[in-house]
Number of protein chains: 2
Amino acid sequence: MGVTKTDLFTKEQNELAVLAKSLAHPARIAILQYLLESNKCINGDLVNELGLAQATISQHLRELKNVGLIQGSIEGVSMSYCINPEKWSSIQKLFNGMFDKIQNCGPDECC
Amino acid sequence: MGVTKTDLFTKEQNELAVLAKSLAHPARIAILQYLLESNKCINGDLVNELGLAQATISQHLRELKNVGLIQGSIEGVSMSYCINPEKWSSIQKLFNGMFDKIQNCGPDECC
DNA sequence: TCTTTTCATCGTATTATTACGATAATTAAT
DNA sequence: ATTAATTATCGTAATAATACGATGAAAAGA
């Protein structure tokens, strides 16, 4: 490409894009849905659940953790992940802040 | 990478990921925000508005059009783009369908 | 201590994304 | 018919994302 020109855009635009990117892979969606389902926080039986290699899952988990959507805690020899509820609701608000901006327009105003 | 293994995931998971990907760039967020603001549907003065080359903007517009978020109509020599309201609200529902699934859990259930 | 289990990280091959100059295509205007 | 204006597409260089085997690190249990 050439790098994304982050400096051309507002903080909010970049933030939305980064968050959207973290959701831009079906494996990460699946991980989040799995965590939402089993609210008891589940570790790497995601590896069994999804059909991906352990290293790949771990990589996706790290991305979700980097944007703050999930958090992990050590549980003996294994790792326990869960949704970060605060971040989760803040993301929902951020997205809806954009989604809600739609305005219905007259017959000549739209294409 | 190796290609995303689409077949491992559900239709909904893939759909969410594709839509998220279309939002996963600040330029596309900026384009959408601009279209939301000026509900009269604006054409390629996006090129002036954002600081990107014409070809780059056109490429981003095509991506947004491909997922159905925007639609364009020819207006003389120029092109008029606007948000597709039906798709827009369907996306909002799809995302909120996931966001709303969060459940508060007891002290021992979360990590 | 040694082994097992579980997870993260590294290295790397493969594919996708981004950006933009150049060029084509289309329409309006002269 | 020419020219100007506007947009899409092509080609391509640079960079990011994906997947996974291999290896490392840390804790539990023998």
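Note: the structure precedes this text.
All values derive from a computational prediction rather than experimental measurement. (Residues numbered from 1 in each chain as written. Chains lettered and ligands numbered in written order. Predicted model: local features only at pLDDT ≥ 70, side-chain atom pairs only at ≥ 80, totals over all residues. Heavy atoms only, no water.)

Peer 1: Please clarify how the relation of the copies chain B and chain A should be interpreted in this entry.
Peer 2: One copy of the chain maps onto the other through a rotation about an axis plus a displacement along that axis. Aligned on chain A, chain B shows an RMSD of 0.0 Å; the corresponding rotation is 180° and the shift along the axis is 0.0 Å. On the angle and the small slide along the axis, the relation comes out as a two-fold axis. When C-alpha distances to the rotation axis are compared across chain B, the minimum falls at A20 of chain B, with a value of 2.5 Å. When the interface residues of chain B are mapped onto chain A, 100% of them again lie at the interface, so the same face is used by both copies. (Least-squares fit on C-alpha atoms with pLDDT ≥ 70 in both. Contact = heavy atoms within 4.5 Å.)

Peer 1: Help me understand the side chain of Q33 of chain B, please; the structure alone is not making it clear to me.
Peer 2: Looking at the secondary structure, you find Q33 of chain B in helix α2 (residues 26–37). Excluding anything up to four places from it in sequence, Q33 of chain B contacts E12, Q13 and L16 of chain A. (Helix = DSSP H or I, 4+ residues; strand = E, 2+ residues; numbered from the N terminus.)

Peer 1: For this particular structure, what's the right way to read the interface of chain B and chain A?
Peer 2: It is common to report an interface's size as the accessible area lost on association of the parts. On the side of chain A, 48 residues touch chain B, which itself brings 48 residues to the contact. Across the chain B to chain A interface the summed buried area is about 4300 Å²; carbon plus sulfur atoms make up 69%. Across the contact surface, chain B and chain A share zero salt bridges. At the junction of chain B with chain A, the criterion picks out eleven residue pairs in polar contact (both at pLDDT 80 or more). Of all the elements in the fold, those that place two or more residues in the side of chain B that touches chain A are α1 (11–22), α2, β1 (70–75), β2 (78–83) and α5 (85–99) of chain B. Here the residues of the side of chain B that touches chain A sort into 26 nonpolar, 14 polar and eight charged. (Buried area = accessible area lost by both parts, 1.4 Å probe. Salt bridge = Lys/Arg side-chain N within 4 Å of Asp/Glu carboxyl O. Polar contact = N/O pair within 3.5 Å; in protein donor to acceptor, adjacent residues only side chain to side chain. Nonpolar A, V, L, I, M, F, W, Y, C, P; charged D, E, K, R; others polar.)

Peer 1: Any chance you could explain the packing of aromatic side chains here in plain terms?
Peer 2: Aromatic ring pairs are reported here in terms of the distance separating the ring centres and the angle at which the planes meet. Inspection of the entire model under this criterion finds seven aromatic pairs over all chains. A centroid spacing of 6.2 Å and a plane angle of 35° characterise the contact between F95 of chain A and F99 of chain A, whose relative ring orientation is tilted. With a gap of four residues between them, F95 of chain A and F99 of chain A both fall in helix α5 (residues 85–99), about one helical turn apart. Among the residues examined, F95 of chain A registers a relative accessible area of 1% and is labelled buried. For the ring pair F99 of chain A and W88 of chain B, a centre distance of 5.4 Å and an interplane angle of 75° mean the geometry is edge-to-face. One end of the pair, F99 of chain A, is in helix α5; the other, W88 of chain B, is in helix α5, on a second chain. Considered together, F99 of chain A and W88 of chain B belong to a single accessibility category, that of buried residues. In textbook terms, an aromatic cluster arises when at least three aromatic residues are bridged by ring pairs, as seen for W88, F95 and F99 of chain A together with W88, F95 and F99 of chain B. (Phe/Tyr/Trp six-rings, centres within 6.5 Å; stacked < 30°, edge-to-face > 60°. Buried < 20%, exposed > 50% of the residue type's maximum accessible area, 1.4 Å probe, protein only.)

Peer 1: Where do I start with the nonpolar core in this structure?
Peer 2: When a protein is soluble and globular, its nonpolar side chains tend to lie buried together. Counting 64 residues, the largest nonpolar core has L69 and F95 of chain A together with L69 and F95 of chain B as the members making the most contacts within it. Setting aside anything within four residues of it in sequence, one finds L69 of chain A in contact with S22, L23, L32, L64, C82, I83, N84, K87, W88 and I91 of chain A. (Core = buried A, V, L, I, M, F, W, Y, C linked by side-chain atoms within 4.5 Å.)

Peer 1: Is there a simple way to think about the environment of P85 of chain B in this case?
Peer 2: As for its position among the elements, P85 of chain B is in helix α5. The spatial distance from the C-alpha of P85 of chain B to the C-alpha of K5 of chain B is 31 Å, given a sequence separation of 80 residues.

Peer 1: Would you mind showing me how to read the packing of helix α1 (residues 11–22) of chain A against α5 of chain A here?
Peer 2: Residues and elements named next belong to chain A. Following both chains from N to C, one finds α1 and α5 inclined at 120°, their axes separated by 11 Å at the closest point. For the element pair α1 / α5, the angle class is oblique. The element α1 and its partner α5 pack so that their crossing is left-handed. Here E12, E15, L16, L19 and A20 of α1 come into contact with α5, specifically with K87, I91, L94, F95 and M98. (Axes fitted to C-alpha atoms, helices over the stretch in contact; angles between N-to-C directions. Parallel < 35°, antiparallel > 145°, perpendicular 65-115°, else oblique. Left-handed = near helix turned anticlockwise from the far one by under 90°.)

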